[in-house]
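Chain by chain, the residues run as shown.
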Number of protein chains: 4
Amino acid sequence: MKITILFLLLSVGIAHAHTALSLTRKLQFPDVPGYKTLKCDFHMHTVFSDGNVWPSIRVEEALRDNLDAISITDHLEKLKHAADIPMPDRNRSHEAAVKAADGTNLIVVQGTEITRSMPPGHANAIFISDTNKVLVDDPIDAYRAANKQGGFIFWNHPTWIGQKPNAIAELMPMHEQLIADGLLHGIEVVNEDTYSDEALQIALDNNLTIIGTSDIHGLIDWQYNVPAGGHRPLTLVFAKKRSAKSIKDALEDRRTVALIDDSLIGREEHVVPLVEASLIVHKAAYVDKNNSTVLALILRNATSVSYTLENTSPYNFYTHTDVVTIPAMKDTTIQVKTIERLKELELTFRALNVVTAPNQHPEISISITVDSE
Amino acid sequence: MKITILFLLLSVGIAHAHTALSLTRKLQFPDVPGYKTLKCDFHMHTVFSDGNVWPSIRVEEALRDNLDAISITDHLEKLKHAADIPMPDRNRSHEAAVKAADGTNLIVVQGTEITRSMPPGHANAIFISDTNKVLVDDPIDAYRAANKQGGFIFWNHPTWIGQKPNAIAELMPMHEQLIADGLLHGIEVVNEDTYSDEALQIALDNNLTIIGTSDIHGLIDWQYNVPAGGHRPLTLVFAKKRSAKSIKDALEDRRTVALIDDSLIGREEHVVPLVEASLIVHKAAYVDKNNSTVLALILRNATSVSYTLENTSPYNFYTHTDVVTIPAMKDTTIQVKTIERLKELELTFRALNVVTAPNQHPEISISITVDSE
Amino acid sequence: MKITILFLLLSVGIAHAHTALSLTRKLQFPDVPGYKTLKCDFHMHTVFSDGNVWPSIRVEEALRDNLDAISITDHLEKLKHAADIPMPDRNRSHEAAVKAADGTNLIVVQGTEITRSMPPGHANAIFISDTNKVLVDDPIDAYRAANKQGGFIFWNHPTWIGQKPNAIAELMPMHEQLIADGLLHGIEVVNEDTYSDEALQIALDNNLTIIGTSDIHGLIDWQYNVPAGGHRPLTLVFAKKRSAKSIKDALEDRRTVALIDDSLIGREEHVVPLVEASLIVHKAAYVDKNNSTVLALILRNATSVSYTLENTSPYNFYTHTDVVTIPAMKDTTIQVKTIERLKELELTFRALNVVTAPNQHPEISISITVDSE
Amino acid sequence: MKITILFLLLSVGIAHAHTALSLTRKLQFPDVPGYKTLKCDFHMHTVFSDGNVWPSIRVEEALRDNLDAISITDHLEKLKHAADIPMPDRNRSHEAAVKAADGTNLIVVQGTEITRSMPPGHANAIFISDTNKVLVDDPIDAYRAANKQGGFIFWNHPTWIGQKPNAIAELMPMHEQLIADGLLHGIEVVNEDTYSDEALQIALDNNLTIIGTSDIHGLIDWQYNVPAGGHRPLTLVFAKKRSAKSIKDALEDRRTVALIDDSLIGREEHVVPLVEASLIVHKAAYVDKNNSTVLALILRNATSVSYTLENTSPYNFYTHTDVVTIPAMKDTTIQVKTIERLKELELTFRALNVVTAPNQHPEISISITVDSE
């Protein structure tokens, strides 16, 4: 691997000779070994329930954000605009999004929000084929109807203060039954501007898929302050291919990471390869050819999150304390005191903006081959 | 028309009356209980040694950066421009700076850099009165001459790879003797773009004052990328008054914090009050008057560094993981899950961008009184 | 007037002592003698015809843009989303906007777009009370129905290449008849990203009100590139009061200026006072008290358009050629060579970004009283 | 993993392959037919007279501004820092600049400022070889000494209020004699932040070379507000080759344009080709293939000045009034109403930011070939 990286970095160096990383709203995350990293938002609303835009705006927002897949998940039971949009056919919002996405490469997955009081609260069913059939009285029946269509179902905002005044996600017997029966497969650890340690623990304890969503009702640009550099929450899905089928497989296999601001939340086996693929050693050379043992690294962060790393290596730094920020979409130079002149070395960091369990941050490692002189 | 214009102008005046935090190059740090926090840079060069500008530019840079005090510390022994600037009188660069600062409130402290091979390496003598008298053959004699004038002397860039190829600061017998004899009082833990864990440990072990400096030779704006939001390194000095005398007292009493990028390095007793004064609870109210136990805080960071905080409180957050960034010169909203409705509470954090010893980050606490409804 | 301005400028100087003009998306235009300058957009679409958003988004866009009044003018005859939004009652989009604007001070005027082939093409009827009644077969009858309700009617985009492939606005007999019968009162000289010299000439020749509109279907932020500093087209209405009634009176009296980018289009009697109110002499002092006859002016442009001015004064400038740009929301210093020391003077300019007839730019004048020393 | 990384990096390379105009401080002007357009600043000061920086800073500023040639023109008679820099050899500032420029491609031309009371006032002699020989008592003798070395001499800031309180450039008998004797060859029409109509007229009437200079004493970045997008004044020189010799030939042949802010001042034969080379038709296509006669042009302005153009064509525009701004370093779309479908056409404009004589702006033309469909 080291040789390959060296080789590659040289060629990238050339490719970038007269270019530069640029900070745009287009979200960027690298693929990881064996999987494509797909940027997905599976929770959003339109005028077909209580949102404020036609599905075409959701498609355009997603394209501007460089997303791979979305699902329009209008409420089944909460038609705010029913006086004007009676919606006898609940498939209409999905159909409008599909039409708007025509000619683009955005994947639009059919979905809906089953909107009940707690328990079970709200849940999204995605990868369904006929939304009308999910509109039944009993909540459990709704889950069953969605599952019958091959739907993937996740619990929405289990911390929502509208239903949980203390904002603590808690599994109730009905949820336990749904999970036991294989009717509930994921949980939002991130929803809109909220994150929940307890929801993450529930995901880990119950083998649920970790989900992050925007739950947007208004405009992405306004709510997430896009012109100032903000971005929506997402689920990063590690899929064999860039297809709806592969995304569903990945969700069922729990291959996801939730994103909110600069925080990445996921199981160690998913999030560590992502971080390690995100931080590329763009250059590694001793600062003075003959004498010094100070190694200058250019770490390229070609992703849309800034990393905050706590050094756990046997080496410390000439230019930084042990806590280093690697800004999004930028090259950062770190000088490492290697004591001896090395040909290869490994740096290890605790990635503080990455969460694998409540208050737990994984160790990541960066293998470096010093550039030949 | 007169009346109309009058009204127009009045309303324009009103329209601009609101205040906002604004990100400028003017560095901002709050005072701490009992002390003024003074922004000082005690290491810089001009055409009078190997720098590239007249001292007046150093004064103007300092004013633009909102500094309280500087010292022009041209090398005694390294007159790069001697062919053109013979400098028979080594007080000239200080005098030129004093003249340039006339009419401003910038404090200009006389200084020089005693520039020797290792040991003892380079050192700055500041608060001296006649630089010529420090120009003697033997390095120890130079330290003595500076001390005789009441000078405060600190070891410069003990990690400099020009003198220490491994960049590891190390106390040699000559340094130990200088310290033992009371001739050396401080050490640069931060110099230009470098930071040293070992220098910090030497300061702590030997009761030396912690210093951070720019060591600028070219232009502050270019080297520290000021237009892009960068800033020079500094020593923050906690002084009884804003005066040269008080600064010297503070240096002798080791009341300093070194600044580089967003990192603050200092003894716990100095750095913790600074952080706690930096983060102001601008608002604290439960998000929903009757039911919820989610408390919305607006934390105002009216300083020029971004804080990276790891939550160690008994509460966790509705909107963040346990690692929270509080950007410089901005208000940040954090929602806290307090379980019960409280009237007062205390949040505690490990301040990761703050260093009190190698790899050690202090715990800071923020006391909150919930706004009465 | 001179004394008054002097007096006022002194007080404004104080009011601004520690503030600054700031460039935001909030559009700013000063009132003019005798009238309030109201920022109005009377042409926009929602999901109720062929737009992509609920009326609430139009309200929020208007509030963010600092508008005073809008009208939702969904097509009567072009219900793109009729399959989902059957709209038996054509007043619904207006009602939804009124509801969304509740609690704000935005004025929402009822309107609709009468959407016919050419002639007469499209027209907006605003200040109507029952949109349903305008939905009749014959276009002339529709104009009559709108007029019967007290509606104000303007011809939309007479240059639209969908109906006029050469984009030349041209009055056809039907339009002449509508005007003669008092059924058509205004004309869009600015629509979306287009401006028409011919439409302006038609307005002048036929005593029609000059209108500028966004005709927005998608999002203002995207179409007009708001994050990069762009803004929507507008009609500036000079009204006695900030009320719907006063706006209608002003429209009927043709007291309007159309805005597109930095261009202002209007009759000389409306646009000249606006420009003269926009450019405030913030300071006027000779640069050197005793000798020089160079007068330094600070011109404050507290409006959202940049002015391009061609000097026609008897004086020329020390710092500029005869063509001067006064950027939006900024202070610009111009030094004038007055030959003698004056106490008062008048500068005159041809305002090149202001259009009073095709290729005609009005002369504006700025009266200056030199600050007493 | 190797293969994955390979693909990742390749795709990153591709992602960055697209080009875009970007606004940097590097000044950009296109070559014109037959000549290279060289960006030159022939008036600047260092610590060797009354400036505040070492010549190396002037070199670095010039490189950052993308200049082709500079001349350090320290005052012969005004050694502000003589107490410290006695300067027995007046060639020293030039030599220091040459040394600093070593290894770069910046052309450094030897020069000096002959600094006398009016008449003749100040003048720069450039392309000299021994500055010491120009230091003589009689001003006329100084001009003769410079000419004897092959020097090119231009009158500095003939409007300077220090010598002309009314700031009106005026030829006095001594100047007339100098010109008649071939001792004075050019005149600053632009100096620092000033422009002079009268100086331009003197240049035209007396066949002098038009010069623009920064006359910088402090820092270019501060004085010309570079971080906010400002730039220094310049002389654009149209030279056969990029060499000192060719620059001198061009100056003697008066092939120059002076630049201040967005204004270009020069003789019509020099400035018109420059403007026409600056505005490139990047795309020209009818907006609708079959019907419309509206032609969409993308005008690419790959230069560092914004153009303000007044349309004098037989066509008018669909998207603009007759006054159009073409911002620096951007593509601007203008839609032209051509009445018929044309294969070629010519647009003509009065270039308002370009001055060929007091209050005179040249007509420029843009030839367009419509893209084949």
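Residues numbered from 1 in each chain as written. Chains lettered and ligands numbered in written order. Predicted model: local features only at pLDDT ≥ 70, side-chain atom pairs only at ≥ 80, totals over all residues. Heavy atoms only, no water.

Novice: Before we move on, can you summarise the interface of chain B and chain A with the specific residues and values?
Specialist: Contact with chain B, which involves 38 residues of that partner, is made by 38 residues of chain A. In total, chain B and chain A occlude about 3,000 Å² of area from one another, counting both sides; carbon and sulfur atoms represent 53% of this. Contact with chain A buries area across many residues of chain B, yet B:Tyr195, B:Tyr318 and B:Thr321 alone supply 20% of it, more than any other trio. Counting every contact that joins chain B to chain A gives four salt bridges. Across the salt bridge formed by B:Lys337 and A:Glu198, the nearest N and O atoms sit 2.7 Å from each other. Counting across the interface, chain B meets chain A through 20 residue pairs in polar contact (both at pLDDT 80 or more). (Contact = heavy atoms within 4.5 Å. Buried area = accessible area lost by both parts, 1.4 Å probe. Salt bridge = Lys/Arg side-chain N within 4 Å of Asp/Glu carboxyl O. Polar contact = N/O pair within 3.5 Å; in protein donor to acceptor, adjacent residues only side chain to side chain.)

Novice: Summarise the sheet that holds strand E13 (residues 294-301) of chain B; cite the residues concerned and give the values.
Specialist: Residues and elements named next belong to chain B. Spatially, E12-E13-E17-E15 is the arrangement adopted by the four strands of the open sheet, whose pairing is antiparallel. The open sheet has two free edges, formed respectively by strand E12 (279-286) and strand E15 (316-317), since each of these has just one partner strand. Relative to strand E17 (residues 330-337), E15 runs antiparallel, the two sharing two bridges. The residue of E17 that forms the bridge with Phe 317 is Val 336. With respect to the sheet, helix H9 (residues 268-278) is in contact with E12 and E13, its orientation differing from that of E12 by roughly 45°. (Pairing = 2+ DSSP bridges. Helix = DSSP H or I, 4+ residues; strand = E, 2+ residues; numbered from the N terminus. Axes fitted to C-alpha atoms, helices over the stretch in contact; angles between N-to-C directions.)

Novice: Let's hear about helix H2 (residues 55-64) of chain D: which residues, and what values?
Specialist: Burial analysis of H2(D) places seven of its ten residues in the buried class, the great majority of the element. Buried-residue contacts for H2(D) involve helix H7 (220-223) of chain B together with strand E2 (69-72), helix H3 (92-101) and helix H7 (220-223) of chain D. D:Asn66 lies just past H2(D) and shows a positive phi near 70°. (Buried < 20%, exposed > 50% of the residue type's maximum accessible area, 1.4 Å probe, protein only.)

Novice: Could you give me a rundown of the packing of helix H2 (residues 55-64) of chain B against helix H3 (residues 92-101) of chain B, with the residues and numbers involved?
Specialist: Residue and element names in this part refer to chain B. Running from N to C, H2 and H3 cross one another at 45°; their axes reach a closest spacing of 8 Å. Put simply, H2 runs oblique to H3. As H2 runs across H3, the sense of the crossing is right-handed. When H2 is examined against H3, the residues Pro 55, Ser 56 and Val 59 are found in contact with a partner set consisting of Ser 93, Ala 96, Ala 97, Ala 100 and Ala 101. Residues of the contact of H2 with H3, tallied by class, amount to six nonpolar, two polar and no charged. (Parallel < 35°, antiparallel > 145°, perpendicular 65-115°, else oblique. Left-handed = near helix turned anticlockwise from the far one by under 90°. Nonpolar A, V, L, I, M, F, W, Y, C, P; charged D, E, K, R; others polar.)

Novice: Account for the pairing of strand E3 (residues 107-115) of chain C, naming residues and giving values.
Specialist: All names here are of chain C. Most of E3 sits out of view: nine of its nine residues are buried. Here E3 shows a buried face lined by Ile 107, Val 109, Gly 111, Glu 113 and Thr 115 and a second buried face lined by Val 108, Gln 110, Thr 112 and Ile 114. In this sheet, E3 lies alongside strand E2 (residues 69-72) in parallel orientation, the contact comprising four bridges. Bridge pairing links Ser 71 to Val 109 in E3. Following the chain from E2 across helix H3 (residues 92-101) to the adjacent parallel E3, one finds a crossover that is right-handed. In terms of strand pairing, E3 meets strand E4 (residues 122-126) through five bridges, oriented antiparallel. The partner of Gly 111 across the bridge, within E4, is Ile 126. Between E3 and E4, which pair antiparallel one after the other, the connecting turn spans six residues, and Gly 121 there sits at a positive phi close to 75°. (Right-handed = clockwise from strand over helix to strand, strands pointing away.)

Novice: Kindly report on the packing of aromatic side chains, identifying the contributing residues and their values.
Specialist: In the structure shown here, the tally under the stated rule is twelve aromatic pairs over all chains. Ring geometry for D:Phe317 versus D:Phe349: centroids 6.1 Å apart, planes at 35°, classification tilted. Here the residue D:Phe317 occupies a position in strand E15 (residues 316-317), and D:Phe349 occupies one in strand E18 (residues 344-351), the gap between them amounting to 32 residues. Grouping residues by exposure puts D:Phe317 and D:Phe349 together as buried. The aromatic ring of C:Trp222 is capped on one face by A:Arg64, whose charged end is 4.0 Å from the ring centroid. (Phe/Tyr/Trp six-rings, centres within 6.5 Å; stacked < 30°, edge-to-face > 60°. Lys NZ or Arg CZ within 6 Å of the ring centre and 35° of its normal.)

Novice: So what's going on with unusual backbone geometry? Which residues, and what values?
Specialist: Omega for the bond connecting B:Pro119 with B:Pro120 falls within 30 degrees of zero, at 5°, which places this linkage in the cis form. The residue B:Pro120 is located in the loop between strand E3 (107-115) and strand E4 (122-126) in this model. Not every positive phi belongs to a glycine, and A:Phe127 is a case in point at roughly 65°. Relative to the assigned elements, A:Phe127 resides in the loop between strand E4 (122-126) and helix H4 (139-148). One non-glycine residue, D:Met87, lies in positive phi territory at about 55°. Along the polypeptide, D:Met87 turns up in the loop between E2 and H3.

Novice: I'd like a rundown of the sheet that holds strand E16 (residues 323-326) of chain B, residues and numbers included.
Specialist: Residues and elements named next belong to chain B. Reading across the sheet, the four strands line up as E16-E14-E18-E20 and stay open at both edges, with antiparallel pairing between neighbours. Where the open sheet ends on each side, the last strands, each with one partner, are E16 and strand E20 (363-369). Neighbour-to-neighbour, the strand axes of the sheet open up by a mean angle of 40°, direction not taken into account.

Novice: Account for the pattern of salt bridges, with residues named and values stated.
Specialist: Residue and element names in this part refer to chain A. Enumeration according to the criterion identifies 92 salt bridges over all chains in this entry. Its salt-bridge partner being Arg 144, residue Asp 141 comes within 3.3 Å of it at the nearest N-O pair. In this pair, Asp 141 and Arg 144 are both assigned in helix H4, three residues apart and thus about one turn of the helix distant. Residue Arg 350 is joined to Glu 310 by a salt bridge in which the shortest nitrogen-to-oxygen separation is 2.8 Å. Note that Arg 350 is positioned in strand E18 (residues 344-351) and Glu 310 in strand E14 (residues 307-311), a separation of 40 residues in sequence. One connected set of salt bridges, linked through shared partners, spans Arg 25, Asp 41, Asp 65, Asp 221 and Arg 232.

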